[in-house]
Amino acid sequence: MTGSTTSTQSGTAPFPPGSAPSPSEVRAERRRLIESIRALRRLLGKRRAFELADQRRLNGEARDRYRSETAHDKSLRRIDARRSRQESALIRRLDGLDGRRESQEKRALAVLRRESIERALGSMYLTAAQVNGIGDGLVRDLAAQGIRTAADFKRVSWGKAANGKGGEVLHIHRTRGGKVHINGIGEHRGRPLLAWRDAAVARAEARAPHQLPPDERHRVAEIIDAERTRLQAQLTEAPKVAEAARAETGRARAAALVQLAAAHVEAAERAAERRAEFDAMGERLLDLQAQLSAHMTQYGDAGRRVRRAEVRALRALPDVPPLTRVPSPRTPSEATPTAGGAARPVISLTKTADSPPPKPIHGSRDVRDVREVGEVGEVSGVRAGLGWLLPILYFGLTTVVGVGELGDNTAHLWVRFASRLFALAATVELLRLWVPRRRRRTARPMPRGTGFQTVGVFLALTAVGMFEDEKSDVFAAACTVWVLSALLLLAGTGLRLPRTTRTSSTPARCTQRTR
């Protein structure tokens, strides 16, 4: 890297001993030293960019470790929450097994009674002797429609006939769906038929079992016991599954940290080598500057053309300050020593109360903007409110329509021109102050006194419009508004001017002190 800058070492003469160099040889040697120094300066100028990149690398590594730890913690919390939910659900199901056993026994008994009643009703055949008023012919007609036993129908009702002719007829609703009408069965025969069916149902219900048989009860108990055993096994297995998941998450975290540590060691070694190269170039630059100084002392001035280059070459190289303001989650125990043996500055990601981060200043700004950034450092990121759009829009509209020109009023020519120019100046000034303070990178509040000045301009334009009003006598009110606007303008200007003057005088004092 420094091969192109090779020159004679200190302590050796640049010219053969005993010979007086010519002025051209002195200038050539002088230019060679200056060019070598320029080349080293260009190379050393990249050190700040390297330090910034290295600091970004450290921050990226810290961010990756933080994300790995955060992901690990989230995984552990999810595993614990899943285990808690699973155990709670299993415990609730275990506690509800007793009630489930009773409900299953009731359902089994209900099914057993229903089947018994259906069998009993299916064995009770309809005959002419059992129902009063129904003969063998009606029994045959009912059988032809599928009604032979008490289980084949469930109720009777009145309704219109299927063909829509005649009055209402009696319908017999079958158990399997549908209803039929049998000619000859009306109200007098339908009631006995339904009474016979109700009596059959009552006898079947009385004969149905009222308790579950022992074998059915034992079968239900076996089902509940098997379910209890299965749930208890799942409850016992839940901690083991959670521990296995936690172990897997820990292994993934350890693998990620090992990978990050290996990448960090490799990058740190490359950074140390690069930093050592910069240190060697710095020492070489000092050596070349010493040679240039000795050459100037020995051979004097080499001419007007190289005089300025000599002054530039002998300037001290600016130091690269430590980037202590770049946030990094590195802990003090993880600080890595540099090539020179000194530990690199360690920065914490947490913000302390006694050292708030500085507000960045982007681009070219005037002294007032620099002062405002320093004064509102505590409220970094606060944007100017959207309410400032109202005066901006008002002044923009006034720039177009002017004041004192609404209705039948006609303002003087100089009022038209001056009011529009005044409103345009207010609009431009508010936009200049408000737009940069709405951006995320340069967000900050509006300067102090801007509100007073805005209200003062608004009242001043209002007073001008009142003065130009020819139809109403508002001269006294216009004078009052004008005085109030002047006071507000003076107050707003007073809030801004002293700080601007104080801030603008600071660089001059600093310059004098530096000189």
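Calculation notes
- Residues numbered from 1 in each chain as written.
- Predicted model: local features only at pLDDT ≥ 70, side-chain atom pairs only at ≥ 80, totals over all residues.
- Heavy atoms only, no water.
- Helix = DSSP H or I, 4+ residues; strand = E, 2+ residues; numbered from the N terminus.
- Buried < 20%, exposed > 50% of the residue type's maximum accessible area, 1.4 Å probe, protein only.
- Areas by Shrake-Rupley, 256 points an atom, 1.4 Å probe, with all protein chains shown as cover.
- Axes fitted to C-alpha atoms, helices over the stretch in contact; angles between N-to-C directions.
- Parallel < 35°, antiparallel > 145°, perpendicular 65-115°, else oblique.
- Left-handed = near helix turned anticlockwise from the far one by under 90°.
- Contact = heavy atoms within 4.5 Å.
- Nonpolar A, V, L, I, M, F, W, Y, C, P; charged D, E, K, R; others polar.
- Pairing = 2+ DSSP bridges.
- Phe/Tyr/Trp six-rings, centres within 6.5 Å; stacked < 30°, edge-to-face > 60°.
- Expected span 1.5 Å × (residues − 1).
- Core = buried A, V, L, I, M, F, W, Y, C linked by side-chain atoms within 4.5 Å.
- Salt bridge = Lys/Arg side-chain N within 4 Å of Asp/Glu carboxyl O.
- pLDDT = per-residue confidence, 0-100.

S.K.: What is the right way to read the overall build of the protein chain from this model?
M.R.: Scanning the protein chain from terminus to terminus reveals 12 helices and 3 strands. Taking all 515 residues of the protein chain together, 31% fall into the buried category. For the protein chain, the exposed surface amounts to about 32400 Å²; the carbon and sulfur share of it is 57%.

S.K.: What's the story with the packing of helix α3 (residues 97-122) against helix α6 (residues 214-299) in this structure? I'm lost.
M.R.: The angle between the axes and the distance between the axes are what describe a pair of packed helices. Following both chains from N to C, one finds α3 and α6 inclined at 150°, their axes separated by 10 Å at the closest point. By the angle between their axes, α3 is roughly antiparallel relative to α6. In this structure, α3 crosses over α6, and the sense of that crossing is right-handed. Facing L97, D98, R100, R101, Q104 and E105 of α3, the residues of α6 in contact are R217, V220, A221, I223, I224, E227, R228 and L231. Its residues assigned to classes, the contact of α3 with α6 shows 6 nonpolar, 1 polar and 7 charged.

S.K.: Is there a simple way to think about the sheet that holds strand β2 (residues 168-174) in this case?
M.R.: Each strand in a sheet pairs with another by means of backbone hydrogen bonds, the pair being arranged parallel or else antiparallel. Taken in spatial order, the 3 strands make up an open sheet running β1-β2-β3, and their pairing is antiparallel. With partners counted over all chains shown, the strands left at the sheet margins are β1 (153-160) and β3 (179-180), one partner each. Here 2 bridges tie β2 to β3, and the two strands are oriented antiparallel to one another. Considered in β3, the bridge of H173 is made with K179. Sheet strands in contact with helix α5 (residues 187-207) are β1 and β2, and its direction is about 160° off that of β1.

S.K.: How should I be thinking about the packing of aromatic side chains in this particular structure?
M.R.: Given two aromatic rings, their pairing is described by the distance between the two centres and the angle made by the two planes. Throughout the structure, instances matching the rule amount to 4 aromatic pairs. Judged by centre distance (5.6 Å) and plane angle (40°), the rings of F50 and F278 are tilted. Of the two residues, F50 sits in helix α2 (residues 47-95) while F278 sits in helix α6, which places them 228 residues apart along the sequence. No difference in accessibility class separates F50 from F278, as the two residues are buried. Three or more aromatic residues joined by ring pairs form one cluster here, namely Y394, F395 and F458.

S.K.: How should helix α11 (residues 450-467) be read in this particular structure?
M.R.: For an α-helix the count is 3.6 residues per turn, leaving residues at separations of three or four pointing the same way. Between its terminal C-alpha atoms α11 stretches 26 Å, which fits the 26 Å expected from 18 residues at 1.5 Å a residue. What α11 keeps buried is the set T450, Q453, T454, G456, V457, L459, A460, L461, A463, G465 and M466.

S.K.: Looking at this model, I keep getting lost on the nonpolar core. Mind explaining?
M.R.: A general trend in soluble globular proteins is that nonpolar side chains are found buried together. With 25 residues, the main nonpolar core has L121, L142, I172, I185, L193 and W196 as its most contacted residues. Residue assignment for this core shows that the elements contributing at least two residues are α3, α4 (136-144), β1, β2 and α5. Top element by residues in this core is α5. It accounts for 5 residues. Those residues in contact with I172 that lie beyond four places of it in its chain are L142, I147, F153, R155, V156, G178, K179, V180, I182, I185 and L193.

S.K.: Where do I start with the environment of V474 in this structure?
M.R.: Of note, V474 is situated in the loop between α11 and α12 (475-514). Accessibility expressed as a relative area gives 24% for V474, which makes it partly exposed. Separated by 11 residues in the primary sequence, V474 and A463 have C-alpha atoms spaced 9.6 Å apart.

S.K.: Help me out: how do you make sense of the pattern of salt bridges in this one?
M.R.: Here the idea is simple: oppositely charged side chains can pair when their charged atoms come close. One pass over the structure, following the stated rule, counts 23 salt bridges. Note that E310 is salt-bridged to R30, the shortest N-O span being 2.4 Å. With a gap of 280 residues between them, E310 in helix α7 (residues 304-313) and R30 in helix α1 (residues 23-44) connect regions that are remote in the sequence. Of the residues examined, E310 reaches a relative accessible area of 4% and is grouped as buried. Measuring nitrogen to oxygen at the nearest pair gives 2.5 Å for the salt bridge that ties R230 to E227. With R230 and E227 both in helix α6 and 3 residues apart, this pair spans about one turn of that helix. Salt bridges here are not isolated pairs; linked through shared partners, they connect R47, E51, D54, R57, E61, R275 and D279.

S.K.: Quick question: what am I supposed to make of the confidence of the model for the protein chain here?
M.R.: In regions of low pLDDT, the predicted coordinates are not meant to be interpreted in detail. On average, residues of the protein chain score 77 in pLDDT, and 77% of them are at 70 or above. The secondary structure element of the protein chain with the lowest average pLDDT is helix α8 (residues 367-375), at 41, and the one with the highest is α2, at 91. Confidence drops under pLDDT 50 across residues 1-13; counting only partners more than four residues distant or on other chains, this segment forms 26 contacts. Scored below 50 in pLDDT, residues 500-515 shows 6 contacts in the model against residues more than four places distant or in partner chains.

S.K.: Sorry, what's going on with the pairing of β2 here?
M.R.: Consecutive side chains along a regular strand alternate between the two faces of the sheet. Counting buried positions along β2 yields 5 of 7 residues, so the element is predominantly enclosed. Both β1 and β2 contribute to a ladder of 7 bridges, which runs antiparallel. Looking across to β2, one finds that K160 is bridged to E168. In sequence, β2 turns back onto β3 through a hairpin of 4 residues, with G177 there showing a positive phi of about 110°.

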